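Residue-level structural notes
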Amino acid sequence: MAELQQLRVQEAVDSMVKSLERENIRKMQGVMFRCSASCCEDNAASMQQVHQCIERCHAPLAQAQALVTNELEKFQDRLARCSMHCSDKAKDSIDAGNKEFQVKQQLESCVAKCVDDHMQLIPSMTKKMKESLSSIAK
């Protein structure tokens, strides 16, 4: 993928992740740490009970982090498949005898379209993740 196109996607995804972290994940971390601290204050609990309590406190945050990671991986895979399709089309075009300069332009145009199409998916992906994170946090 062209460097400029890659940078556009990276900046948009970074911005989305920062927003999710600031508005959702950070609150969940606070809840998890306060919950874990309360587990440790139970002097009557055994070491195993405290450990299990802390694990229960951590479960929603772990679920949230897994959700974000999974969504980002799916997004990245879709974008990679689109880029691979562009590369395949370019190779076919070269094999068909088209000029390298023309093929390079077609490739860059195809990749730019992939990026544009996937950039448009980011707002709905963000909304979906925020809704999922909110339901986990309850």
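One can find the structure itself at the top, above this paragraph.
Residues numbered from 1 in each chain as written. Predicted model: local features only at pLDDT ≥ 70, side-chain atom pairs only at ≥ 80, totals over all residues. Heavy atoms only, no water.

Focus on the overall build of the chain
- Within the chain, the regular secondary structure consists of four helices and zero strands.
- Mapped from its N terminus to its C terminus, the chain presents α and β elements in the order α-α-α-α.
- By the compact-globule yardstick of 14 Å for 138 residues, the chain is too spread out, its C-alpha radius of gyration being 22 Å.
- Considering the chain as a whole, with its 138 residues, one finds that 29% of them fall into the buried category.
- Across the chain, contacts joining residues at least 24 apart in sequence account for 80% of those joining residues at least 6 apart.
- The distance from the centre of the 19 positive side-chain charges to the centre of the 19 negative ones in the chain is 5 Å. (Helix = DSSP H or I, 4+ residues; strand = E, 2+ residues; numbered from the N terminus. Rg over C-alpha atoms; globule rule 2.2 N^0.38 Å. Buried < 20%, exposed > 50% of the residue type's maximum accessible area, 1.4 Å probe, protein only. Contact = heavy atoms within 4.5 Å. Lys, Arg positive; Asp, Glu negative; His and termini not counted. Charge placed at Lys NZ, Arg CZ, Asp CG, Glu CD.)

Regarding the state of the cysteines
- Per the counting criterion, the structure on display carries four disulfides.
- Across the disulfide from Cys39 sits Cys53; the S-S distance is 1.9 Å. Between Cys39 and Cys53, the S-S dihedral sits near -70 degrees, and the bridge is therefore left-handed. Here Cys53 lies in helix 2 (residues 47–95) and Cys39 lies in helix 1 (residues 3–40), a separation of 14 residues in the sequence. (Disulfide = S-S within 2.5 Å.)

Considerations on the pattern of salt bridges
- Under the criterion given, the structure shown has eight salt bridges.
- Here Lys91 ties to Asp95 by a salt bridge, and the two come within 3.0 Å at their closest N and O atoms. Note that Lys91 and Asp95 are positioned in helix 2 at a spacing of four residues, about one turn of the helix. Across the pair, exposure class does not vary: Lys91 and Asp95 are exposed alike.
- Here Glu131 makes a salt bridge to Lys127, at a shortest N to O gap of 3.2 Å. With Glu131 and Lys127 both in helix 4 (residues 122–137) and four residues apart, this pair spans about one turn of that helix.
- Judged by relative accessible area, Lys127 falls into the exposed class, the value being 53%. (Salt bridge = Lys/Arg side-chain N within 4 Å of Asp/Glu carboxyl O.)

The values are spatial; any link to function lies outside them.
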